[in-house]
Structure formats: C-alpha cells, structure tokens
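For reference, the chains in residue letters:
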Amino acid sequence: MALFAEGGDDEHGDVLCGSALPDQRTTTGGAMTETFAHSASDFSRNSGLSQPTIDLMALESMAASALDPAVYAYISGGAGDSVAANMAAWGDLRLRPRMLRDVANVSTVSTVLGDQAAAPLIIAPTAMHRLVLPAGELATARAAARAGVTYVVSMAATTAIEAIVQAAPGGRHWMQAYIRRDRGITRASLERAAAAGCQAVVLTVDSPGTPSYQSQPGRSLNRGLPLPNLAPGESQPDVLSVAADYAADVTFEELTELRSWTNLPLVVKGILRGDDAVRCLDSGADAIAVSNHGGRQVPGCIPSAIALQDVVEAVGGRGDIYVDGGIRTGADVLKALALGATAVMVGRPILWGLAIGDESGAVAVLEQLRADLNRLMAQCGVPDVASVSADLVQRAR
C-alpha cells in the first residue's frame, strides 16, 4: 500500500511514531519520522498544488497496527452504520466548479469566532490522547499552533488544561464541557477554562449520561491515566464511570443559566436540527457545532452533512456554524463551506497522525487538508473562503 499518492481528493497522512505506552504495538523508523516532519514543513510553506498528497486510508491502517487493539477500537468505533454514513454523505455531494475566475492568489485564511485562522479547520475534542502517544494533548496543542488552527480540548483529556495552554502559548484553545449532575462541577470547569486562558467553551449536549462503550473487565478504558479536567483529584478514575455522571435532565432553560456562568463565547455541540439550533442561540449560545458525535451515539443517525443545511437555514447567519463527522478531504471541507459552515472540526484523522507521526504527524494531516482545500478552491474558481457559496455543491442523488 503506497503511503503517498499523486493528486486526488481522498488522501492525507504520512509516517511515523517512535515510543508508545505499555501494551501498545509500535512502529519504527527514524528516517520516516524525518520525512513526515519535512512534509509538514513543506505544506506549511506553500499552497500544496504540486505537493504529493497523503493517503489517509494508509495512515489509518498504520495507526491500527501501531495501537493497542482496544485503543484503536475505541477511537474508530461507532453506533451501527453512523460512522460510514457520515463519510458517505459528503461523497454524495458533488462540486460544481466555476470557470474563468481569477484564482492566481488563493487564500484559505478564515475567521473563527472572530479570530483569524490559517484555514477553516478546528481540531475536534477527542479523549485521552496519551493512549495514542506519551506526549498526548501537549503534542496536539503544539500541532494546532503550528498549523494556525484552534484546538478544542476534550473534557476527558489526559493532561490538565493549564499545561495544554502553556505548551502552546501562541495557540487558540477552546475547552469542551459536559453538564454534570452536580452543576457546581460544571460551573467550576467553566471558570477553570477561563482562568487557564481558553478563548471559548464548547458545551457537548449529545451524551446524556449514557456511555456507548464498555471497559474491559477489571481494566478502565483510560488504563489508569489521569483525567485532570474531568475528574480532578481522582488518582485512578474510570472515564466511563465519570461519563455516566453526565446530566440527563438538561433543558434549554438551564442553558440560559449556564450562559451566565462564563463570559467566554459558548459553542453548543451535538446539534442536528434547525429548531434546536435556534433555541440554543435564543438561550445564549454564540455558535453551533453540527455533530452526531462522530457517529458514536445513535445508530442510524442523520449524517452531519445532511443535518447541516437545515441548521444553516434555520440559524440565518446569527452565529458561526461548525460541522464534524466524516471530514477526510479538502473536498469535504469545501462542500461544508458551500453548505454554510464557518469551519469544520476534524477528529479521528488527527489521532491517526499523532499515532504514526507524533506532533509532526498531526501537523501534516492539518496542512494536507489545508493544501487540498487550497488546490480545490483554485480548481473551482474560488479565490477565498468568503467567495464560497451554495451554488458550488449539488447532491448526486
């Protein structure tokens, strides 16, 4: 299987990681790590129009071989066919290129919650990065800063939010939050995020105290790693036990109260309906993240690519709209922008990059997405993100 492919819209990723936690299979090869770092540097310096692209399927396959099988299964797993449906839905959209437009200078620079980003990309909140590599979330934060994008730190990170922010002082960090049964814990987490220097809070609302996964008998899924943001002070927390404490009685009325607990911008994540999005904004949210939790929660769930249009139409420009779920190519990113998204969130591919290429692996995935987007914008007659509009896409069926 070739790691690099010339051209095409379905590629990302590259090579390789050295160390890993006990119980993890590892790959080897310093020369390949050097190649990965070089690729990331190349992508950051130019548009990527003539660069070799990275085969994401090969990257995921390598990550599957490198990681403990239980860790890989946790990251890649989903509910029924919802993971596959997410990816298929982006494929069901077709681009309609414009011709005879001036694309001599194409820019992917975007504005996300008022801040400039190198591309309309956000690292989605994904849990427990130290299961993937020892540096964990510190590497992810540095990668995001190098790529010029925002990193949403998972509530179930294995590194304290303060250390993550300090690891990349020039980066943009948003903190994920869940509403706990003890609302005081939630309020304290929002206050902690602000004190740590986060620029926004991302409230995930699609997990009402019902974890979708089970630990191996006698062994927690997080393998004894700390969860300093989710369960501070607990020396041996079980991530699924803590997740079972997420509140199941939250309403829009309570969202209004939660809004008063922080001055940070509030993004509500896990919305799949236009009416819900409007009620979130009416209750004080500043932005909406269209998401079905990466296809991990509800079997047969509507793909985020399909839900996005309803949300965009209902919101009517009142706030930023982000989308995640199945984003694998620059074409997917361009399609999301054309449907009305402000930016996309990317989750699993970042973890594959970390597993195989450490910090530089994550950078290369992000830069590949940006370079691929840049190339497709030129080919579709779009000089900048503001010029992307709904007429660029059409459903294939």
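Since the model is a prediction, treat every value here as computed from it, not as a measurement.

Thresholds, definitions, all that
- Residues numbered from 1 in each chain as written.
- Predicted model: local features only at pLDDT ≥ 70, side-chain atom pairs only at ≥ 80, totals over all residues.
- Heavy atoms only, no water.
- Helix = DSSP H or I, 4+ residues; strand = E, 2+ residues; numbered from the N terminus.
- Buried < 20%, exposed > 50% of the residue type's maximum accessible area, 1.4 Å probe, protein only.
- Contact = heavy atoms within 4.5 Å.
- Areas by Shrake-Rupley, 256 points an atom, 1.4 Å probe, with all protein chains shown as cover.
- Expected span 1.5 Å × (residues − 1).
- Bend = angle between axes of the 7 residues up to and from the residue.
- Phe/Tyr/Trp six-rings, centres within 6.5 Å; stacked < 30°, edge-to-face > 60°.
- 1 Å grid on protein atoms, 1.4 Å probe; cavity = no way out; pocket = protein on both sides within 12 Å on 5 of 7 lines; lining within 4 Å.
- Points joined across faces, edges and corners; volume = space filled by probe spheres on them.
- Nonpolar A, V, L, I, M, F, W, Y, C, P; charged D, E, K, R; others polar.
- Arc of directions from axis to C-beta.
- Core = buried A, V, L, I, M, F, W, Y, C linked by side-chain atoms within 4.5 Å.

Student: Help me get a handle on the overall build of the chain, residues and values and all.
Tutor: In terms of helices and strands, the chain carries 13 helices and 14 strands. When burial is assessed residue by residue, the chain has 57% of its 397 residues classed as buried. Looking at the chain alone, contacts between residues at least 24 apart form 74% of all its contacts between residues at least 6 apart. For the chain, the accessible area works out to roughly 15100 Å², and carbon and sulfur atoms hold 51% of it.

Student: Outline helix α13 (residues 348-379), listing residues and values.
Tutor: For α13, spanning 32 residues, the distance from its first C-alpha to its last is only 27 Å, which falls clearly below the expected 46 Å at 1.5 Å a residue. Along its length, α13 reaches its greatest deviation from straightness, about 140°, at Gly-357. Counting buried positions over the 32 residues of α13 gives 30, a clear majority of the element. Backbone geometry just after α13 places Gly-381 at a positive phi near 75°.

Student: Talk me through the packing of aromatic side chains; I want residue IDs and the actual numbers.
Tutor: Per the counting criterion, the structure on display carries three aromatic pairs. Each ring, one from Trp-174 and one from Tyr-322, has its centre 5.7 Å from the other, and the planes form 45°; the classification is tilted. A residue pair is termed long-range when its members are at least 10 positions apart, and Trp-174 in strand β8 (residues 172-177) and Tyr-322 in strand β12 (residues 320-323) qualify at 148 residues. Exposure class is identical for Trp-174 and Tyr-322. Each is buried. Judged by centre distance (4.0 Å) and plane angle (5°), the ring pair of Tyr-178 and Tyr-246 falls under stacked. Of the two residues, Tyr-178 sits in the loop between β8 and α7 (183-196) while Tyr-246 sits in the loop between α8 (239-243) and α9 (252-259), which places them 68 residues apart along the sequence.

Student: Hey, could you go over the layout of surface pockets for me, with residue numbers and the actual values?
Tutor: Of the voids in this model, the largest pocket is the one considered here, and its volume is about 430 Å³. Lining the largest pocket are 24 residues, with Val-205, Asp-206, Val-250, Phe-252 and Ile-271 positioned closest to its centre. Residue classes in the lining of the largest pocket are distributed as 16 nonpolar, four polar and four charged.

Student: I'd like a description of the environment of Thr-158, backed by residues and values.
Tutor: Within the fold, Thr-158 resides in the loop between β7 (150-153) and α6 (161-167). Separated by 20 residues in sequence, Thr-158 and Leu-138 have C-alpha atoms that sit 9.7 Å apart. Other than its neighbours up to four places away in sequence, Thr-158 contacts Met-128, His-129, Arg-130, Glu-137, Leu-225, Pro-226, Leu-227 and Pro-228.

Student: Please set out helix α10 (residues 274-282) residue by residue, giving values where relevant.
Tutor: All of the buried residues in α10 are Gly-274, Ala-277, Cys-280 and Leu-281. Each buried residue of α10 sits inside an arc of 120° when the element is viewed along its axis, so together they form one side. Check the buried side of α10 and you find it contacts α9, β10 (266-271), β11 (287-290) and α11 (304-315). Two residues or fewer after α10 comes Gly-284, characterised by a positive phi angle close to 115°.

Student: Summarise the nonpolar core; cite the residues concerned and give the values.
Tutor: One finds Trp-90, Ile-288, Val-290 and Leu-308 to be the most contacted residues of the largest nonpolar core, which totals 109 residues. The leading source of residues in this core is α13, at 14 residues. In this structure, Leu-308 is in contact with Trp-90, Val-290, Ile-321, Val-323, Ala-336, Leu-339 and Ala-341, ignoring residues within four places of it in sequence. In this structure, Val-112, Ile-122, Ala-289 and Ala-343 belong to the second largest nonpolar core, which totals 14 residues.

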